[in-house]
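# Descriptive analysis of the structure
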Amino acid sequence: MAQIVWFENYQPADAAVLGGKNSSLGTLFRAGLPVPPGFAVAADCYRKALADGGLSSKLDALVAAVDPRDPASVAATGQLARTLIGSLEPPADLAGAIQNAYAQLCGRCGDQVPVAVRSSATCEDSPDASFAGEHDTYLWVRGGDEVVRHVLRCWASLFTDRGIAYRLERGYGGTSAAMSVGVQQMVTPRAAGVAFTLNPTNGDRSQIAIDASWGFGEAVVSGEVTPDNYLVDKVMGTITKRTISAKTLEYRLADTDAVTAVPVDAERQSVPCLTDEEITGVAKLARRAEKHYRCPQDVEWALAGSPGGAPEVLLLQSRPETVWSRRPRQQGGTGIADPITSMVQTMLHPVTSGGHAAHG
Amino acid sequence: MADRFPSPFEMPTPPGAEGWQDLYAYSTVFSEDRREYEDATFWFMDGVHTPEVIPPWDATILEFAIIGLSQYNTRHYVIPPALGVDLRFLNGYMYLSPVGVSDPEEIGARVPEFAERAGYYFQNWDRLYAAWMPKVRALISELEEITFDSLPHREDMAVITEGRGTGSALDLLSTYSRLVDLTLKLWHYHFEFLNLGYAAYLDFFGFCKQIFPSIPDQAIAKMVAGIQVDLFQPDDEVKKLAQLAVELGLADRFAGSEPAAEVFAGLQGDPQGDKWLAAWEQASQPWFNFSAGSGFYHSDKVWLENPDIPLGFLRTYIAKVQRGETLERPMQAVIAERDRIVDEYTDLIDDDEDRATFGAKLGLARTVFPYVENHNFYVEHWGHSVIWRKMRDLGRVLVAADFIADPDDIFLLSRHEVPEVLFDLYHGWAVGVPSRGPKYWPREMARRNGIMNALRNWSAPPALGTPPEVITEPFTVMLWGVTSDSVKQWLGGAQDDGGLTGFAASPGVAEGPARVILSADGIADLEEGEILVAPLTAPSWAPVFGKIAATVTDVGGIMSHAAIVCREYGLPAVTGTAFGTKTIKTGQRLRVDGNAGTVTIID
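Parameters at a glance
Residues numbered from 1 in each chain as written. Chains lettered and ligands numbered in written order. Predicted model: local features only at pLDDT ≥ 70, side-chain atom pairs only at ≥ 80, totals over all residues. Helix = DSSP H or I, 4+ residues; strand = E, 2+ residues; numbered from the N terminus. Rg over C-alpha atoms; globule rule 2.2 N^0.38 Å. Buried ≥ 20, exposed ≤ 12 C-beta atoms within 10 Å, placed from the backbone. Contact = placed C-beta atoms within 7 Å. Pairing = 2+ DSSP bridges. Axes fitted to C-alpha atoms, helices over the stretch in contact; angles between N-to-C directions. Domains from an automatic or database assignment. Nonpolar A, V, L, I, M, F, W, Y, C, P; charged D, E, K, R; others polar. Arc of directions from axis to C-beta. Parallel < 35°, antiparallel > 145°, perpendicular 65-115°, else oblique. Left-handed = near helix turned anticlockwise from the far one by under 90°. pLDDT = per-residue confidence, 0-100.

### Some remarks on the overall build of chain B
- Assigned secondary structure in chain B consists of 19 helices and 12 strands.
- Its C-alpha atoms give chain B a radius of gyration of 25 Å, near enough to 25 Å, the size a compact globule of 603 residues would have.
- The principal-axis extent of the C-alpha atoms belonging to chain B is close to 80 × 70 × 55 Å.
- Among the 603 residues that make up chain B, the fraction classed as buried is 48%.

And the structure:
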């Protein structure tokens, strides 16, 4: 069993032990997309450590006793489970392997490279479960010991209250879930956000919708800020709509070497956080991810590089868009093949131009 | 915000323009006789074709154009939700009102007729369109053959010996009548295909907007646009002549700024020069029957009679050739780009049925679109150029008879007055006494010129009367760019921040200093990198698009002539801003966003 899998060595067969998020990063990395380098700690390590520490059956029993409709019961179980995992001593061989991998990453990216340590849950019952937002991610972690410590914190976060509730709700058995952890280089972004490879307001597949705000993408992902919103036509590459919002808050690297939320200066709040070139860059990246997966994607991105320089857009995550992709095709309207009938319908229900509709 | 525009009956006559109504047909002015209907109706000013005051004879062509459009909607193809377009002149400006069919039952009853009639044209499009071109060319030849001569002192002896039994004045009268009839026929031909062409285009447009609600308008236009368009041929001919001038070693002959007559005289007699002049001559027929304006004014300058205009463009192109730049439009790249756009949108359609429908509708739109793109050269440019020329010839007959001082004064007569004037001439000639004209018309022309000048200074409101809740007439939306939104905008005036919105007519974003140009005469002032701000742009301005950064117009939709040319030349354009020339001052810095359809005044 491989404990550590570098993104560049990822194989589809690894998916079961790396979880959705790490598999996706490995896939995108291997597809040549600009994903920051890193490695994954396989979920088997989690299982082995729990078994070695005698926790497996204890945790199963705990979870089996939870009443999913009683938040207090979920919370108490979660608290206990996390404490148990938190008190584990990491197996020496695993700690060594992680530290060794981190040292290699430092060799590639620089000494004491800051990394994001991300949860990537797996579930034997449901390999496609998304677990979006159920588990924890730690930003700006430095040093081998710290990385090992945060891998354990990710393990513990398998038992967040919401994680437990999510699994019970879906009927995933206690031990079928396990935790893989991703360790990935972090850069300080000028701006970051998300992008959908369709227009989320109307399902238009020809558009890419971008939400962007200052600093780390957490402000956008968490919904703590109203981001700038851009719409880009995939085919023409034109920016078809832009809405600039007052971005009151950003996640920045503080003097304490930690990422924290701070207020944005008044004069910067309503400044567009992306140039046209950067908007196009983000759209192109999202389009590449979509083309790779051959279905609409929901991506997280960050803008690295210095202001004025060539935009360097990094892909942090890509997963299938679920809302519009699952909706059945709309019927009716003017989509009538017979030209005469269709022309009459068009005349009876005239379509106004995009330019005017956007500003009307 | 007001909910209606001023009533046409509230519009005062500009001082000095009293009596203007008598210069237009009695049926085309607002009157108490139809006040109830006229007051309850929505009228918009046709700034696309006629941004300026319309001389009385010029109104002929406008009446013919609008009646042609109307009869095809109403009587030929039975467009289900639309009848014709009503027309009025107010203070010398043209106001239009599309007439819809509102009763759903009546619309339903019209559908089978439309299906049968329009369906026939769509099914037989290639054959019918193939017949159109020779038909319109034959008509223009007939116009070209018209001659107007002064009445002879004596009828020719042949009239006697051949026993003809008729005289020259009858020819004069009937030739004028034929010119008017051919003009009407030209406009019948104009609309034989146009309404159907737009209907098919709008159908594809509507389908694209349904499957891709946010698709940019110009993406749809690009998928349909033709590659070889006759409207661009005049410009292409000038490019060829520039290339030839360089090849023949004549470039320096064009280096100065002498007028065309002088340059051409200098080339004569020189073997290379004669060769070039022969090429110019050949290109000019028919391609320099090309108007620098919309073609709807007799005063629009036609290249053939104003060779200084194409010469100016020629000089720009010669300079480009000398700098080693290529003049040819990159056809292969344009075709490849068009294919890419179609393929990528097609790929984005998940549903097989939708993909097939998309392909079929695109196919029909492409079948009909060459007509939409090409007819303009044959009718508004070539046909009109000949009509104005022949009318001037008739003007010369009246000048020779001392009725008027300038051949162009004939355009101050309405088309119904011309036979009366000719009859006065005829009477004097036949009886052998003075006609009344030489005393009457110089005085009357002075009065009419005064009226025209007073009308020219009037600022015509964009619309009159009560707007409908929604604008449904397809031409109003496509060609005039009048939508429910633009009506709302007109009612609200310009935006508070001085920004303007319009149609995203051609993609791209540009910044630069504004140059406000109110008529074709001003285009020579345009400098490199400036943003052209005009009531509308004429296709014949094409060569200036090589130096400007973007275009903003007051009127016109995404299919206005301006939009088509801007897309061809890859310039950002925002059309139909309503207030562009009123809001923007020459020299102000603008940001024109042709993707969003917005214009911002930066300072």
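On we go from here.
### Focus on the overall build of chain A
- When helices and strands are tallied, chain A shows 12 helices and 13 strands.
- Taking all contacts inside chain A whose residues are at least 6 apart in sequence as the whole, residues at least 24 apart take part in 67%.

### As for the sheet that holds strand E9 (residues 239-243) of chain A
Residue and element names in this part refer to chain A.
- What the 6 strands build is an open sheet, ordered E9-E8-E7-E6-E12-E13; its pairing is antiparallel. Each edge of the open sheet carries a strand with a single partner, namely E9 and strand E13 (312-320). In this sheet, neighbouring strand axes are inclined to one another by 20 degrees on average, regardless of whether the strands run parallel or antiparallel.
- Note: strand E12 (residues 297-304) against E13, 8 bridges, orientation antiparallel. Bridged to Glu-300 within E13 is Gln-317.

### Concerning the sheet that holds strand E1 (residues 42-45) of chain B
Residue and element names in this part refer to chain B.
- Taken together, 4 strands build an open sheet; the order of strands is E2-E3-E1-E4 and the sheet is antiparallel. Because the sheet does not close on itself, it has two edges, and the strands there are strand E2 (82-90) and strand E4 (463-465). The average undirected angle you get between the axes of adjacent strands in this sheet is 25 degrees.
- For E2 and strand E3 (residues 93-100), the ladder comprises 7 bridges, and the chain directions are antiparallel. Residue pairing for E3: Val-85 is matched across the bridge by Pro-98.

### Thoughts on unusual backbone geometry
- The peptide bond linking B:Gln285 to B:Pro286 adopts the cis configuration, its omega dihedral lying at 5 degrees.
- If you check the backbone angles, A:Trp140 has positive phi at about 55 degrees while not being a glycine.
- As for its placement among the helices and strands, A:Trp140 is situated in strand E4 (residues 137-141).
- Residues other than glycine seldom take positive phi values, yet A:Arg294 does so here, at roughly 60 degrees.
- Residue position: A:Arg294 is located in the loop between helix H10 (276-293) and E12.

### Description of the environment of A:Pro36
Residues and elements named next belong to chain A.
- For Pro-36, the location among the structural elements is in the loop between helix H1 (15-30) and strand E2 (38-41).
- Once the C-alpha coordinates of Pro-36 and Val-187 are considered, the two residues, 151 residues apart in sequence, prove to be 8.5 Å apart.
- When neighbours within four sequence positions are excluded, Pro-36 is seen to be in contact with Gln-184, Gln-185, Val-187 and Leu-314.

### Here we look at the domain arrangement of chain B
All names here are of chain B.
- Domain annotation of chain B identifies domain 1 (8-110 + 458-474), domain 2 (230-331) and domain 3 (493-601).
- The gap between the C-alpha centroids of domain 1 and domain 2 is 39 Å.
- In this complex, domain 1 contributes 7 residues to the contact, which on the side of domain 2 involves 4 residues.
- Grouping the constituent residues of the side of domain 1 that touches domain 2 by class yields 3 nonpolar, 2 polar and 2 charged.

### Brief notes about the domain arrangement of chain A
All names here are of chain A.
- We note that the domain assignment places domain 1 (4-185), domain 2 (191-320) and domain 3 (335-360) within chain A.
- Tallying the contact residues gives 11 residues for domain 1 and 14 residues for domain 2.
- If you list the elements that add at least two residues to the side of domain 1 that touches domain 2, you get H1 and E4.
- Top contributing element to the side of domain 1 that touches domain 2 by residue count: H1, with 3 residues.

### Quick look at helix H2 (residues 43-52) of chain A
Residues and elements named next belong to chain A.
- Taken together, the buried positions of H2 are Ala-43, Cys-45, Tyr-46, Ala-49 and Leu-50. All buried residues of H2 project into a common sector of 155 degrees when viewed along the axis, lining one side.
- With its phi angle positive at about 70 degrees, Gly-54 sits one or two positions after the end of H2.

### So, the packing of helix H7 (residues 217-224) of chain B against helix H12 (residues 331-347) of chain B
Residue and element names in this part refer to chain B.
- Where H7 contacts H12, the two axes come as close as 9 Å, and the packing angle between them is 120 degrees. Taken together, the axis directions place H7 and H12 in an arrangement best described as oblique. Pair H7 / H12 crosses with left-handed handedness. Here H7 contributes Ala-219, Lys-222 and Met-223 to the contact with H12, which in turn contributes Arg-338, Ile-341 and Val-342.
- Here the contact of H7 with H12 is composed, by residue class, of 4 nonpolar, no polar and 2 charged.

### Focus on the confidence of the model for chain B
- Of all residues in chain B, 95% attain a pLDDT of 70 or more, and the chain-wide mean is 89.
- In the model output, the complex is listed with pTM 0.77 alongside ipTM 0.78.

### Overview of the packing of helix H11 (residues 339-348) of chain A against helix H3 (residues 104-123) of chain B
- The geometry of H11(A) relative to H3(B) is characterised by a closest axis approach of 10 Å and an angle of 120 degrees between their N-to-C directions. Regarding the angle of H11(A) to H3(B), the classification is oblique. As for how H11(A) packs across H3(B), the hand of that crossing is right-handed. Judged by residue contacts, A:Pro339, A:Ile340 and A:Val344 of H11(A) engage B:Val111, B:Phe114, B:Ala115, B:Ala118, B:Gly119 and B:Phe122 from H3(B).
- Looking at the contact of H11(A) with H3(B), its residues break down into 8 nonpolar, 1 polar and no charged.

### What to know about the confidence of the model for chain A
Residue and element names in this part refer to chain A.
- Across chain A, the average pLDDT comes to 85, with 89% of residues at or above 70.
- Least confident of the elements in chain A is helix H12 (residues 354-359), whose mean pLDDT is 30; most confident is E2, at 96.
- Low pLDDT (under 50) marks residues 353-360, which in the prediction has 25 contacts with non-local residues, meaning those over four places away or in another chain.

### As for the environment of A:Val232
All names here are of chain A.
- Here Val-232 shows up in strand E8 (residues 228-233).
- Sequence separation between Val-232 and Val-282 is 50 residues; the distance between their C-alpha atoms is 9.7 Å.
- Setting aside chain neighbours within four positions, we find Val-232 in contact with Gln-207, Ile-208, Ile-210, Gly-237, Ile-239, Thr-240, Ile-279, Thr-280 and Ala-283.

### A short note on the environment of B:Ala401
Residue and element names in this part refer to chain B.
- Turning to its location among the elements, Ala-401 is positioned in the loop between helix H13 (352-400) and helix H14 (417-431).
- For Ala-401, a count of 20 C-beta atoms within 10 Å puts it in the buried group.
- Sequence separation of Ala-401 and Trp-429 is 28 residues, and the distance between their C-alpha atoms is 9.9 Å.
- In contact with Ala-401, not counting residues within four places along its chain, are Ser-150, Leu-425 and Gly-437.

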